[in-house]
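Okay, here's what each chain looks like letter by letter:
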Amino acid sequence: MNAAPPPYAELQVASAFSFLRGASRAEELAATAAVLGLAAIGLADRNTVAGVVRMHDVAKQAGIRFLPGARLVFRDGTPDLLCYPRDRAAWGRLTRLLTLGKQRAPHGDMSEAARAANRCFLDYADLLQYAEGQELLVVPPPRLDIAFRAAVADIARDLPTAHIAAARRHRGDDARRLRALAELPLRMVAANDVLY
């Protein structure tokens with residue numbers, strides 16, 4: 001007799017609110033997750049929570065658990081972090097963190113980097129002030145270089161409950177890359193980096 005596979009929750013999802021990255025509307029992503037039978041779906045757009053209301057409504061109608069969050073993109077070289085608040089107080093801290101970053105961003109003519117980060121200037125030190133009650137997942141960059149490994153060591157020291165979002169990239173080096181991620185001082189969580 002075959003056992004049913006364990007329930008899977010997709011946590012690394014970007015909607016069209018992640019400008020120049022995600023392609024689908026939040027509602028479409030939630031509906032597709034329900035059709036696929038996922039246990040839950042999390043939305044983590046780049047430095048914004050703009051799509052969470054739309055995804056929440058569709059997920060609720062479809063009977064799928066929804067986890068609202070954000071993908072924190074930093075200006076100081078810190079790897080991106082998926083941030084999921086555990087409770088209402090943590091949600092308030094996340095939104096205050098994003099507000100702080102948006103207040104710092106210059107208005108008017110923006111550089112490409114600022115537009116890509118959704119006009120939000122965050123530093124790792126900011127996160128440390130607002131990290132209480134957040135579930136955090138480090139998003140590995142394309143190259144797992146020395147700077148990334150040093151940043152992960154800092155995150156493991158400062159935020160020991162953080163994890164690594166490990167996604168297959170469907171390239172020839174996937175097995176080697178996953179082994180390298182497993183050697184880091186944070187536990188891995190499976191993800192798919194869903195963009196549409």
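Residues numbered from 1 in each chain as written. Predicted model: local features only at pLDDT ≥ 70, side-chain atom pairs only at ≥ 80, totals over all residues. Heavy atoms only, no water.

(A) Examining the side chain of Ser 15 more closely. On the secondary structure map, Ser 15 appears in the loop between strand S1 (9–10) and helix H1 (26–36). You can call Ser 15 buried: its relative accessible area is 1%. Beyond its immediate chain neighbours, meaning those up to four positions away, Ser 15 contacts Gly 22, Ala 23, Ser 24, Arg 25, Ala 26, Leu 29, Leu 43 and Asp 45. (Helix = DSSP H or I, 4+ residues; strand = E, 2+ residues; numbered from the N terminus. Buried < 20%, exposed > 50% of the residue type's maximum accessible area, 1.4 Å probe, protein only. Contact = heavy atoms within 4.5 Å.)

(B) Highlighting the environment of Leu 178. Take Leu 178: it is sitting in helix H7 (residues 174–182). Along the chain, Leu 178 and Ala 167 lie 11 residues apart, while their C-alpha atoms are 8.3 Å from each other. Setting aside residues no more than four positions away along its own chain, Leu 178 makes contact with Ala 166, Arg 168 and Met 188.

(C) Quick look at the layout of surface pockets. Of the voids in this model, the largest pocket is the one considered here, and its volume is about 460 Å³. What lines the largest pocket is a set of 23 residues, among which Arg 71, Val 139, Pro 140, Pro 141 and Pro 142 lie closest to the centre. Contributing elements (two or more residues each) for the lining of the largest pocket: helix H6 (146–158), strand S6 (163–167) and H7. When grouped by side-chain class, the residues that make up the lining of the largest pocket number 10 nonpolar, five polar and eight charged. Looking at the second largest pocket, its volume works out to about 310 Å³. Forming the boundary of the second largest pocket are 13 residues, of which Leu 67, Pro 68, Tyr 84, Pro 85 and Arg 86 lie nearest the centre. Those elements that place two or more of their residues in the lining of the second largest pocket are strand S3 (65–72), strand S4 (81–85) and strand S5 (134–138). Per element, the largest residue contribution to the lining of the second largest pocket is three residues, and it comes from S3. (1 Å grid on protein atoms, 1.4 Å probe; cavity = no way out; pocket = protein on both sides within 12 Å on 5 of 7 lines; lining within 4 Å. Points joined across faces, edges and corners; volume = space filled by probe spheres on them. Nonpolar A, V, L, I, M, F, W, Y, C, P; charged D, E, K, R; others polar.)

(D) Local environment of H7. For H7, the complete set of buried residues consists of Asp 174, Arg 177, Leu 178, Ala 180 and Leu 181. Down the axis, H7 shows its buried residues gathered within 160° of arc, on one side only. Facing away from the buried side of H7 by over 90 degrees, the exposed positions are Arg 176 and Arg 179. If you follow the buried residues of H7, they end up packed against H6, S6 and strand S7 (187–191). (Arc of directions from axis to C-beta.)

(E) Structural view of the nonpolar core. In this structure, Leu 72 and Leu 127 are the most contacted members of the largest nonpolar core, which totals 30 residues. Elements with a contribution of two residues or more to this core: S3, S4, helix H3 (88–104), helix H5 (124–130), S5, H6, S6 and H7. Here this core takes four residues from H6, the largest share from any one element. Beyond its immediate stretch of four places on either side in the chain, Leu 127 contacts Leu 72, Phe 74, Leu 81, Leu 97, Leu 136 and Leu 159. Listed in part, the 13 residues of the second largest apolar core include Ala 30, Ile 41, Met 55 and Val 58. (Core = buried A, V, L, I, M, F, W, Y, C linked by side-chain atoms within 4.5 Å.)

(F) Looking closely at the state of the cysteines. Evaluation of the coordinates by the stated rule reveals zero disulfides. Of all cysteine sulfurs in the structure, the one in Cys 120 sits closest to Cys 83, which takes part in no disulfide; the separation is 12 Å. By relative accessible area, which is 1% here, Cys 83 ends up buried. We classify Cys 120 as buried; its relative accessible area is 2%. (Disulfide = S-S within 2.5 Å.)

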